[in-house]
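Chains, contacts and geometry: an overview
The lines below spell out each chain.
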Amino acid sequence: MTRADAFFGDNHSFNETLFEKFVDFSNEYGDGYNLTVAGELRFQRLQDSIATNPQSSFKNVRYFTGYGESAFPINFFVDGRKTDRKIDMASARSFFKDMRFPPEFHRPSKPTSNEGIAEILAMHPFLSSGNVDGKVNNFMVDPTSADFTRPCVLYEDIGAKTVQGLYPNPTGVLKRNLIKNLGFQYSSLSAALGAQCDQLFPYGQL
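So, how was this worked out
- Residues numbered from 1 in each chain as written.
- Predicted model: local features only at pLDDT ≥ 70, side-chain atom pairs only at ≥ 80, totals over all residues.
- Heavy atoms only, no water.
- Helix = DSSP H or I, 4+ residues; strand = E, 2+ residues; numbered from the N terminus.
- Buried < 20%, exposed > 50% of the residue type's maximum accessible area, 1.4 Å probe, protein only.
- Contact = heavy atoms within 4.5 Å.
- UniProt positions renumbered as here; feature names shortened; annotations may be inferred.
- Core = buried A, V, L, I, M, F, W, Y, C linked by side-chain atoms within 4.5 Å.
- 1 Å grid on protein atoms, 1.4 Å probe; cavity = no way out; pocket = protein on both sides within 12 Å on 5 of 7 lines; lining within 4 Å.
- Points joined across faces, edges and corners; volume = space filled by probe spheres on them.
- Nonpolar A, V, L, I, M, F, W, Y, C, P; charged D, E, K, R; others polar.
- Phe/Tyr/Trp six-rings, centres within 6.5 Å; stacked < 30°, edge-to-face > 60°.
- Pairing = 2+ DSSP bridges.
- Disulfide = S-S within 2.5 Å.
- Expected span 1.5 Å × (residues − 1).
- Bend = angle between axes of the 7 residues up to and from the residue.

1. A short note on the environment of Pro202
Among the secondary structure elements, Pro202 is positioned in the segment after helix 7 (172–193). Classification of Pro202 as partly exposed rests on a relative accessible area of 28%. Between the alpha carbons of Pro202 and Leu178 there is a distance of 9.6 Å; along the sequence they are 24 residues apart. Apart from the residues lying within four places of it in its own chain, the contact partners of Pro202 are Gly159, Gln164 and Leu182.

2. What to know about the UniProt feature "domain: Heme haloperoxidase family profile" (unreviewed entry) in the protein chain
If you check UniProt for "domain: Heme haloperoxidase family profile" (unreviewed entry), the listed places come out as residues 1–122 in our numbering. Here residues 1–122 is 52% helix and 2% strand, with 19 Å between the C-alpha atoms at its ends.

3. A look at the nonpolar core
Of all hydrophobic cores here, the largest spans 43 residues; its most connected members are Phe22, Tyr33, Tyr67, Ala92 and Phe96. Secondary-structure elements contributing two or more residues to this core are helix 1 (16–29), helix 2 (35–52), helix 3 (61–76), helix 4 (89–98), helix 5 (117–123), helix 6 (151–166) and helix 7. Those residues in contact with Phe22 that lie beyond four places of it in its chain are Tyr33, Leu41, Met89, Ala92 and Phe96.

4. Some details on the layout of surface pockets
Of the volumes computed, that of the largest pocket is approximately 520 Å³. Those elements giving two or more residues to the lining of the largest pocket turn out to be helix 2, strand 1 (57–58) and helix 3. Among the residues forming the lining of the largest pocket, the class breakdown is 9 nonpolar, 7 polar and 6 charged. By volume, the second largest pocket is sized at about 440 Å³. What lines the second largest pocket is a set of 18 residues, and nearest its centre among them are Phe64, Asn114, Ile117, Ala192 and Leu193. Broken down by secondary-structure element, the contributors of at least two residues to the lining of the second largest pocket are helix 3, helix 5, helix 6 and helix 7. No other element matches the 8 residues that helix 3 contributes to the lining of the second largest pocket. Its residues assigned to classes, the lining of the second largest pocket shows 12 nonpolar, 5 polar and 1 charged.

5. A few points about the packing of aromatic side chains
In this description, a pair of aromatic rings is defined by centroid distance and the angle of the planes. Within the structure shown, the criterion is met by 23 aromatic pairs. Between Phe58 and Tyr63, the aromatic rings sit 5.4 Å apart at their centres with planes inclined by 55°, giving tilted as the arrangement. Here the two residues Phe58 and Tyr63 agree in accessibility, since each one is buried. Measuring from centroid to centroid gives 5.6 Å for Phe58 and Tyr67, while their planes differ by 70°, and the two rings are edge-to-face. Accessibility classification places Phe58 together with Tyr67 in one group, the buried group. In textbook terms, an aromatic cluster arises when at least three aromatic residues are bridged by ring pairs, as seen for Phe14, Phe19, Phe22, Tyr33, Phe72, Phe76, Phe77, Phe95, Phe96, Phe101 and Phe105.

6. Re the sheet that holds strand 1
Strand order in the open sheet formed by 3 strands is 1-2-3, with antiparallel pairing between adjacent strands. Each edge of the sheet is formed by a strand with only one pairing partner; in this case those strands are strand 1 and strand 3 (139–141). As defined by bridge partners, strand 1 adjoins strand 2 (residues 129–131) across 2 bridges and the pair is classed as antiparallel. Among the inter-strand pairings, Ser57 is bridged to a residue of strand 2, identified as Gly130.

7. With respect to the state of the cysteines
Considering all chains together, one arrives at 1 disulfide under this definition. The residue that forms a disulfide with Cys152 is Cys197, at a sulfur-sulfur distance of 2.1 Å. Of note, the bridge from Cys152 to Cys197 carries an S-S torsion of about -90° and is left-handed in sense. With Cys152 in helix 6 and Cys197 in the segment after helix 7, this residue pair connects regions lying 45 residues apart in the sequence.

8. Side note on helix 3
The end-to-end C-alpha separation of helix 3 is 21 Å, in line with the 22 Å expected for 16 residues at 1.5 Å each. Of all the bends in helix 3, the greatest reaches close to 30° and is centred on Ser70; the proline Pro73 follows between one and four positions later. Listed in full, the buried residues belonging to helix 3 are Tyr63, Phe64, Gly66, Tyr67, Ser70, Ala71, Pro73, Ile74 and Asn75. In this structure, the buried side of helix 3 is in contact with helix 2, strand 1, helix 4, helix 5, helix 6 and helix 7.

This is the structure we're talking about:
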């Protein structure tokens, strides 16, 4: 939300222009960053990416992390003593720009995870899609992509496609560790997604 698309060359440095948009939306919709702001800002960032980035892609892993990163600040950056579940802009700047806790910050008062994602999506339902043919404003829905109605496709995309693309023919210790870590990934994703997917063994079993 405060970093540019990778297409523009730097997707990791703090972007003041995008943060100012974060501030404007927080002031307009929520008197601080809350779920309403998250839904409106996520939708605006999607529209902006479609209009300016010919390689815009919002599907599979990015579909899940896009909504996850919108909810993340509300779940983890709100001072635990507050009950309104919204972030003031001084604290937001400390987290997003300085990458540090604000002074006297108290952690959340209870365990938290990905609460709020469903509410953010419901404000502006958006299907997995991306621009095609290297053109802006040319996005098409991808019916093969993972989304919240087909979470197991996300597991398949990571386990069977991404990892195998990076390590097509591993041997020895690398192969053993990939088998182990894919097992850990299966367990953690099943819990996080709330779905019981068919486990894949692209490199066999130990």
